[in-house]
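# Structural description and commentary
One letter stands for each residue in the lines below.
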Amino acid sequence: DVKVTQSSRYLVKRTGEKVFLECVQDMDHENMFWYRQDPGLGLRLIYFSYDVKMKEKGDIPEGYSVSREKKERFSLILESASTNQTSMYLCASSLFYSGKYTEAFFGQGTRLTVV
Amino acid sequence: DQQVKQNSPSLSVQEGRISILNCDYTNSMFDYFLWYKKYPAEGPTFLISISSIKDKNEDGRFTVFLNKSAKHLSLHIVPSQPGDSAVYFCAAPSLTQGGSEKLVFGKGTKLTVNP
């Protein structure tokens, strides 16, 4: 069974704090993703990584950065947390076969509240 | 510019009846589609997928239909059960500028199955 683990289920941070969200997968997947889910907006891609130290911006990267130093770990960083970053954050991973897609597996989510 | 659209934010059905969730897409290059199911405070889980070489894929109570000419797909759940109450997301893999793949999601449809 693929397992994607996010370090926290719930977080409360203050405005201006630097926040780290950690994600670890145990299936040697090349691809890892960070999404956020907001009511009425669905799942929006923040950043993703297709290899160690490789990253690509998603649809809403502003205010975020990422780090992938090891294949199994993908970190999302909120440089200076703001209240509009209060959201459910979801990490996912997938294999990549050239020309053939495989489904992404998600972690349990981190509910971040910025006060 | 939303490439995957789920125009119904919510759907309510009676237990035992059919649930039909709809999804439209605009990118004719999409050749694979996935449905994910999400309970509150949990990550999405993969439900069923369909390749563009097929027009139907069935897995137990779940069937996905694809109409390529209309750029439309639908998820049928028969019979619906209260445990099916969740948010359902339609998704499609999309090639990025860097040549990797990301999943593009619709905004989701909240299904409520009433006992």
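Scroll up for the structure.
Below or above, wherever it landed, is the structure these notes cover. (Residues numbered from 1 in each chain as written. Chains lettered and ligands numbered in written order. Predicted model: local features only at pLDDT ≥ 70, side-chain atom pairs only at ≥ 80, totals over all residues. Heavy atoms only, no water.)

Below, the discussion takes up the overall build of chain B. Along chain B, the regular secondary structure elements total zero helices and eleven strands. Listed by position from the N terminus, the elements making up chain B come as β-β-β-β-β-β-β-β-β-β-β. Its C-alpha atoms give chain B a radius of gyration of 14 Å, within 12% of the compact-globule value 13 Å for 115 residues. Projected onto the principal axes, the alpha-carbon positions of chain B cover approximately 45 × 30 × 20 Å. (Helix = DSSP H or I, 4+ residues; strand = E, 2+ residues; numbered from the N terminus. Rg over C-alpha atoms; globule rule 2.2 N^0.38 Å.)

Counting secondary structure elements, chain A contains zero helices and eleven strands. Ordering the α and β elements of chain A from the N terminus gives β-β-β-β-β-β-β-β-β-β-β. Taking 2.2 N^0.38 as the reference for a compact globule, 115 residues should give roughly 13 Å; the C-alpha atoms of chain A span a radius of gyration of 14 Å, in line with that estimate. Projected onto its principal axes, the C-alpha positions of chain A cover 40 × 30 × 25 Å. When contacts within chain A are restricted to residue pairs at least 6 apart in sequence, long-range pairs at least 24 apart make up 55% of them. Separation between the mean location of the 16 positive side-chain charges and that of the 15 negative ones in chain A comes to 5 Å. (Contact = heavy atoms within 4.5 Å. Lys, Arg positive; Asp, Glu negative; His and termini not counted. Charge placed at Lys NZ, Arg CZ, Asp CG, Glu CD.)

Residue and element names in this part refer to chain B. For strand β10 (residues 101-105), the tally of buried residues reaches five of five residues, placing the bulk of the element in the interior. Burial along β10 is two-sided: Glu101, Leu103 and Phe105 facing one way and Lys102 and Val104 facing the other are all buried. Pairing of strand β9 (residues 86-95) with β10, which is carried by five bridges, proceeds in the antiparallel orientation. Bridge assignment links proline 93 to a residue of β10, and that residue is leucine 103. Adjacent in sequence and paired antiparallel, β9 and β10 are bridged by five residues, among which glycine 99 carries a positive phi angle near 90°. (Buried < 20%, exposed > 50% of the residue type's maximum accessible area, 1.4 Å probe, protein only. Pairing = 2+ DSSP bridges.)

The next subject is the pattern of salt bridges. Residues and elements named next belong to chain A. Evaluation of the coordinates by the stated rule reveals nine salt bridges over all chains. For the salt bridge of lysine 71 with aspartate 28, the shortest nitrogen-to-oxygen distance reads 3.2 Å. Residue lysine 71 is located in the loop between β7 (64-70) and β8 (73-78), and its partner aspartate 28 is located in the loop between β3 (19-25) and β4 (31-38); the two are separated by 43 residues in the primary sequence. In this structure lysine 71 comes out as partly exposed when scored by relative accessible area, which is 25%. We note a salt bridge from arginine 36 to aspartate 38, for which the minimum N-O separation is 2.8 Å. Judged by relative accessible area, arginine 36 falls into the buried class, the value being 7%. On the basis of relative accessible area, aspartate 38 is assigned to the buried category, the value being 10%. (Salt bridge = Lys/Arg side-chain N within 4 Å of Asp/Glu carboxyl O.)

Let us look at the interface of chain B and chain A. Many descriptions give the size of an interface as the accessible area lost when the pieces come together. With 22 residues of chain B in contact, the opposing surface of chain A contributes 23 residues. For the interface between chain B and chain A, the tally reads one salt bridge. Close ionic contact of aspartate 59 of chain A with lysine 102 of chain B constitutes a salt bridge, the shortest N to O distance being 3.5 Å. Counting across the chain B and chain A interface gives five residue pairs in polar contact (both at pLDDT 80 or more). (Polar contact = N/O pair within 3.5 Å; in protein donor to acceptor, adjacent residues only side chain to side chain.)

The subject of this paragraph is the sheet that holds strand β8 (residues 72-77) of chain B. All names here are of chain B. If you walk across this open sheet you meet the five strands as β1-β3-β8-β7-β6, and the pairing is antiparallel. Each of the sheet's edge strands pairs with one partner strand only, and the pair in question is β1 (4-5) and β6 (56-59). As defined by bridge partners, strand β3 (residues 19-25) adjoins β8 across six bridges and the pair is classed as antiparallel. Counterpart to cysteine 23 in the pairing with β8 is leucine 73.

All names here are of chain A. Spatial strand order, β1-β3-β8-β7: four strands in an open sheet with antiparallel pairing. Sheet topology places β1 (4-6) and β7 at the edges, where each strand pairs with a single neighbour. Averaged over all adjacent pairs, the angle separating strand axes in this sheet is 20°, with direction ignored. Examined bridge by bridge, β1 and β3 share three bridges and lie antiparallel to one another. Residue threonine 5 lies in a different strand from β3, and its bridge partner there is valine 24. (Axes fitted to C-alpha atoms, helices over the stretch in contact; angles between N-to-C directions.)

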